[in-house]
Amino acid sequence: MSGVPKEFRVSLPAWLDDELADVPAVMPDRAARMRLVHRLADRNWREGNGGPFAALVAEQDSGRIVSVGVNVVLSSGVSSAHAEIVALGLAQTAADSWDLGDHGLPAHELTVNWRPCVQCYGATMWSGVRGLVVAGQGPELEEITTFDEGPLGADWAEQFEARGIRVVQDMLRDEALTVFRAYREAVDAGEVAVYNARKGSE
């Protein structure tokens, strides 16, 4: 069979160069890393790349930034191109390993501006990271943004911990909600497309 696609491309937007120009290569403070994630998430939806989501991967002990990611579903046309997927994939590229927990590598930590959706939950679990830092969890994300995050179990954090992935929750939670509320205003005004809000409807 000829003519079928043989690759797809997911790339970070050019505006990230400006946002990261003055960001230090090493950010030991988790809160500082989360502030950067919030900033990128807020700009991302305003630029039209995708939802109000961003993530970064850092070395857990040193705080060296390994990669960043934003949601590029709209700009790439790929529904799985969530911020966590992009950040993890770029970190694995940088490490030259599909396993960020591979022998000889420093422990890696993922920072993201809310608890992962069902897709990114699995991707994070299998990525090899040893830590996950989230701004929050709970229904607020779906209630505010109208996104469908999928059926994640109530024991999601415990499942990470059971696999040796430390979870830090409620890191600058209010700042995350501020970004989501700004996004919702644009949704209600018809200015942005919510690409995952069907929730089973036709």
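The structure contained in this document is the topic of the report that follows.

Cut-offs and rules
Residues numbered from 1 in each chain as written. Predicted model: local features only at pLDDT ≥ 70, side-chain atom pairs only at ≥ 80, totals over all residues. Heavy atoms only, no water. Helix = DSSP H or I, 4+ residues; strand = E, 2+ residues; numbered from the N terminus. Buried < 20%, exposed > 50% of the residue type's maximum accessible area, 1.4 Å probe, protein only. Contact = heavy atoms within 4.5 Å. Areas by Shrake-Rupley, 256 points an atom, 1.4 Å probe, with all protein chains shown as cover. Lys, Arg positive; Asp, Glu negative; His and termini not counted. Charge placed at Lys NZ, Arg CZ, Asp CG, Glu CD.

### As for the overall build of the chain
Next, step 1: Counting its secondary structure elements, the chain contains 8 helices and 5 strands.
Next, step 2: Starting at the N terminus and walking to the C terminus, you meet the elements of the chain as α-α-β-β-α-α-β-α-β-α-α-β-α.
Next, step 3: Taken over the C-alpha atoms alone, the chain extends approximately 50 × 50 × 40 Å along its principal axes.
Next, step 4: Considering the chain as a whole, with its 202 residues, one finds that 46% of them fall into the buried category.
Next, step 5: A fraction of 68% describes how many contacts in the chain between residues 6 or more apart in sequence connect residues 24 or more apart.
Next, step 6: Of the roughly 10,100 Å² of accessible surface on the chain, a fraction of 49% belongs to carbon and sulfur atoms.
Next, step 7: Computed over 18 positive and 30 negative side-chain charges, the separation of the two mean positions in the chain equals 1 Å.

### As for the side chain of Thr111
Next, step 1: Looking at the secondary structure, you find Thr111 in strand 3 (residues 108-112).
Next, step 2: Overall, Thr111 belongs to the buried group, its relative accessible area being 1%.
Next, step 3: Those residues in contact with Thr111 that lie beyond four places of it in its chain are Arg33, Met34, Val37, Ala54, Ala55, Leu56 and Val133.

### Concerning helix 5 (residues 118-127)
Next, step 1: Where helix 5 is concerned, the buried positions are Cys120, Tyr121, Gly122, Thr124, Met125 and Ser127.
Next, step 2: On the buried face of helix 5, the contacting elements are helix 4 (83-95), strand 3, strand 4 (131-134) and helix 7 (156-162).

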